[in-house]
Amino acid sequence: MRIGVISDTHGLLRPEALRALAGVDHILHGGDIGREDIVTALEEIAPVTAIRGNIDTAPWCRRFPETRDIELDRLRLHMRHDRKTLDFDPAARGFDVVISGHSHKPQIERRGGVLYLNPGAAGPRRFKLPITLAILEPGPDGPIAELVPLLD
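Residues numbered from 1 in each chain as written. Predicted model: local features only at pLDDT ≥ 70, side-chain atom pairs only at ≥ 80, totals over all residues. Heavy atoms only, no water.

A.B. asks: What am I meant to see in the overall build of the protein chain here?
C.D. replies: If you tally the helices and strands in the protein chain, you get 2 helices and 10 strands. For the protein chain, the α and β elements follow one another from N to C terminus as β-α-β-α-β-β-β-β-β-β-β-β. The C-alpha atoms of the protein chain give a radius of gyration of 14 Å, which matches the 15 Å a tight globule of 152 residues would have. Overall, the C-alpha framework of the protein chain stretches about 35 × 30 × 30 Å when taken along its three principal axes. Out of the 152 residues in the protein chain, the part that is buried amounts to 49%. For the protein chain, restricting intrachain contacts to residue pairs at least 6 apart in sequence, the fraction spanning at least 24 positions comes to 43%. Carbon together with sulfur atoms contributes 48% to the accessible area of the protein chain, which is approximately 7,400 Å² in total. Of the side chains in the protein chain, 20 bear a positive and 22 a negative charge, and the two mean positions are spaced by 5 Å. (Helix = DSSP H or I, 4+ residues; strand = E, 2+ residues; numbered from the N terminus. Rg over C-alpha atoms; globule rule 2.2 N^0.38 Å. Buried < 20%, exposed > 50% of the residue type's maximum accessible area, 1.4 Å probe, protein only. Contact = heavy atoms within 4.5 Å. Areas by Shrake-Rupley, 256 points an atom, 1.4 Å probe, with all protein chains shown as cover. Lys, Arg positive; Asp, Glu negative; His and termini not counted. Charge placed at Lys NZ, Arg CZ, Asp CG, Glu CD.)

See below:
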């Protein structure tokens, strides 16, 4: 199973993101969606699990929780927009992956048997940070993530 992970679109869904997500089996959106039609467009590619971020305050955003725990292809995932608000040990609760966004800084880090994945921001450029998303897959020794640059 290939899982597309996108965050911080801030109302902008780039054609490059749509191309990078083509063929994935599921899409996770890590918050700061920005516009309701972003999720609708992503749903044309694959099923979407989304959470809301700090900018998602409009009435349509209420359907998205602030955190989400899901299982995809034997991977237990915890989603929250801002990793700094994580107030429990994901390994102790049996999570394989923590998905976050917010910082706009792409990051893949393994700690205590847990993969922490921030796909970076796929929306408008902030400062000189890259525009990225990620692909997540189960592997023989645990989850494997790869960052996908969307712009040079």
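A.B. asks: Where do I start with the packing of aromatic side chains in this structure?
C.D. replies: Geometry of an aromatic ring pair is reported as the spacing of the ring centres plus the angle between the planes. Scanning the model with the defined rule gives 2 aromatic pairs in all. Measuring from ring centre to ring centre gives 6.2 Å for tryptophan 60 and phenylalanine 64, while their planes differ by 85°; the resulting arrangement is edge-to-face. Under the relative-accessibility criterion, phenylalanine 64 is labelled buried at 6%. With centroids separated by 6.1 Å and ring planes inclined at 50°, the aromatic side chains of phenylalanine 88 and phenylalanine 95 adopt a geometry described as tilted. With respect to class, phenylalanine 88 is no different from phenylalanine 95; both count as buried. Sitting over the face of the ring of phenylalanine 95, arginine 76 holds its NZ or CZ atom 4.5 Å from the ring centroid. (Phe/Tyr/Trp six-rings, centres within 6.5 Å; stacked < 30°, edge-to-face > 60°. Lys NZ or Arg CZ within 6 Å of the ring centre and 35° of its normal.)

A.B. asks: Help me understand helix H2 (residues 36-43) in this model?
C.D. replies: Given 3.6 residues per helical turn, the α-helix brings residues three or four places apart onto the same face. Looking at H2, one finds that the buried residues are Ile38, Val39 and Leu42. Seen end-on, H2 carries its buried residues on one side only, within an arc spanning 95°. Tucked inside the fold, the buried residues of H2 contact strand E1 (3-6), helix H1 (15-21), strand E2 (26-29) and strand E3 (48-50). (Arc of directions from axis to C-beta.)

A.B. asks: Is there a simple way to think about the sheet that holds strand E5 (residues 75-80) in this case?
C.D. replies: Adjacent strands of a sheet pair through backbone hydrogen bonds, lying either parallel or antiparallel. Taken in spatial order, the 5 strands line up as E4-E5-E6-E8-E7 in an open sheet, and their pairing is mixed. Looking at the sheet topology across the chains shown, the edges are occupied by strand E4 (67-72) and strand E7 (107-111). When strand polarity is set aside, the average angle formed by the axes of neighbouring strands in this sheet is 20°. Sheet topology places E5 next to strand E6 (residues 97-99); 3 bridges connect them, and they run parallel. Residue pairing for E6: leucine 77 is matched across the bridge by valine 97. (Pairing = 2+ DSSP bridges. Axes fitted to C-alpha atoms, helices over the stretch in contact; angles between N-to-C directions.)

Functional significance is not addressed by these values, which are geometric in nature.
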